[in-house]
Amino acid sequence: EILEGISTVQKAITGKSTMPILEGIYIKTNENSLTLIGSDMDVSIQTTVNANIIEQGSIVIDAKIFGEIIRKLPNSSIKIETLENQIIRITCEKSVFDVVYMNTNEFPELPEINEDLKVSVKQNILKNMIKGTSFAIAQDETRPILQGILFEVKNKNLNLVALDGYRLAIRSEFLDTDINIDVVIPGKTLNEVNKILSDSFENVQIGVAKNQVLFEMENCKLVTRILDG
């Protein structure tokens, strides 16, 4: 379960940031689950994992090291505890790992999204719409706006549009809402959203803030910046 959570949030950790804290996964305890967050400032992904919480706390741990350790462990229960000197101990059957962790106070918070600008779409429909348009985004970095996909809600329709100057792909679906949304979302982010979406009739909630878009699924949130232009 924790490996699935790590794999989900690692999609947001590019390792290209100048802030060392963003090479880590933020882990925070809730009543009976863990919240994991990965971020590179442009994209943040949050997911929850079931856990038996003995003591509350939060840490940031290097994503690569943590992911590699958990991947190699046998499939049984894992105990994670903090020790003195900023050490976290990971124990599973006969394996014990001690890793240095970072403080959470420098880790960026997920933004609040305006509830009034929120629409709901079936996951399988959005998945197909992204698949049907994302191939037409520009690969050319000199025109960043064309590396995005237009996400437009108007006249009770959801439209996704991508173009690169040679071809144009557009997908439209009926959406029973009176809300109007008009934003351009980075194509690579929508491809990550696509990997997280399931092929199901369950809904994904999509909310818009002044320069960010939130995709919210059952136990996973993804926040991305909007492209200007």
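Before reading further, recall that the structure is shown in the block above.
On a predicted model such as this, the values are computed, not experimentally measured, just so you know. (Residues numbered from 1 in each chain as written. Predicted model: local features only at pLDDT ≥ 70, side-chain atom pairs only at ≥ 80, totals over all residues. Heavy atoms only, no water.)

Observations regarding unusual backbone geometry
Of note, the phi angle at Met41 is positive, near 80 degrees, even though the residue is not glycine. Within the secondary structure, Met41 sits in the loop between β2 (33-39) and β3 (43-50). Although it is not a glycine, Glu93 sits at a positive phi angle of roughly 50 degrees. Along the chain, Glu93 falls in the loop between β6 (87-92) and β7 (95-100). (Helix = DSSP H or I, 4+ residues; strand = E, 2+ residues; numbered from the N terminus.)

Let's talk about the packing of aromatic side chains
Ring pairs (aromatic) are described by centroid distance and by the angle formed between their planes. On inspection of all chains with the given rule, the structure shows 2 aromatic pairs. Taken together, a centroid distance of 6.5 Å and an interplanar angle of 85 degrees make the contact between Phe151 and Phe215 edge-to-face. Taken together, the positions of Phe151 in strand β9 (residues 148-154) and Phe215 in strand β14 (residues 212-217) put the pair 64 residues apart, joining distant regions of the chain. You can call Phe151 buried: its relative accessible area is 0%. (Phe/Tyr/Trp six-rings, centres within 6.5 Å; stacked < 30°, edge-to-face > 60°. Buried < 20%, exposed > 50% of the residue type's maximum accessible area, 1.4 Å probe, protein only.)

Some details on the pattern of salt bridges
In a structure, side chains of opposite charge can pair up when their charged atoms sit close to one another. By the definition in use, this model includes 9 salt bridges. The closest approach of N and O atoms between Asp164 and Arg167, which form a salt bridge, is 3.1 Å. Its salt-bridge partner being Glu192, residue Lys195 comes within 3.5 Å of it at the nearest N-O pair. Of this pair, Lys195 and Glu192 are both found in helix α4 (residues 187-196), 3 residues apart, which corresponds to roughly one turn of the helix. Taken together, the shared-partner salt bridges in this structure form one network comprising Lys156, Asp176 and Asp178. (Salt bridge = Lys/Arg side-chain N within 4 Å of Asp/Glu carboxyl O.)

What about the sheet that holds strand β5 (residues 79-83)?
In space, the 3 strands of this open sheet follow the order β5-β6-β7, with antiparallel pairing throughout. Both edges of this open sheet fall to β5 and β7, since each of them pairs with a single strand only. The average angle at which neighbouring strand axes cross in this sheet is 20 degrees, direction not considered. Of the pairings in the sheet, the one linking β5 to β6 comprises 5 bridges and is antiparallel in character. Opposite Leu83, over in β6, you have Ile87 as the bridge partner. (Pairing = 2+ DSSP bridges. Axes fitted to C-alpha atoms, helices over the stretch in contact; angles between N-to-C directions.)

Remarks on helix α2 (residues 63-72)
Listing the buried residues of α2 in full gives Ala63, Phe66, Gly67, Ile69 and Ile70. Taken around the axis of α2, the buried residues stretch over an arc of 165 degrees, which confines them to a single face. Away from the buried face of α2 by more than 90 degrees, exposed residues Lys64 and Lys72 are located. Contact partners of the buried residues in α2: α1 (2-10), β1 (24-29), β4 (58-62), β5, β6 and β7. For α2, the capping residue at the N-terminal end is Asp62, with a side-chain oxygen 3.0 Å from the backbone nitrogen of Lys64. (Arc of directions from axis to C-beta. Contact = heavy atoms within 4.5 Å. Polar contact = N/O pair within 3.5 Å; in protein donor to acceptor, adjacent residues only side chain to side chain.)

Some remarks on the environment of Ile113
Examined against the element boundaries, Ile113 turns out to sit in the loop between β7 and β8 (118-122). Judged by relative accessible area, Ile113 falls into the buried class, the value being 11%. Separated by 45 residues in sequence, Ile113 and Glu68 have C-alpha atoms that sit 33 Å apart. Apart from residues no more than four positions distant in its own chain, Ile113 is found in contact with Gly207, Val208, Ala209, Gln212 and Leu214.

Concerning the environment of Leu36
Following the sequence through the fold, Leu36 ends up in strand β2. For Leu36 and Ile80, which are 44 residues apart along the polypeptide, the C-alpha to C-alpha distance reads 14 Å. If we skip the residues at most four places from it in the chain, Leu36 touches Ile2, Gly5, Ile6, Val9, Ile25, Tyr26, Ile27, Ile45, Gln46, Thr47 and Val49.

Interpretation note: all reported values are geometric properties and have no functional meaning in isolation.
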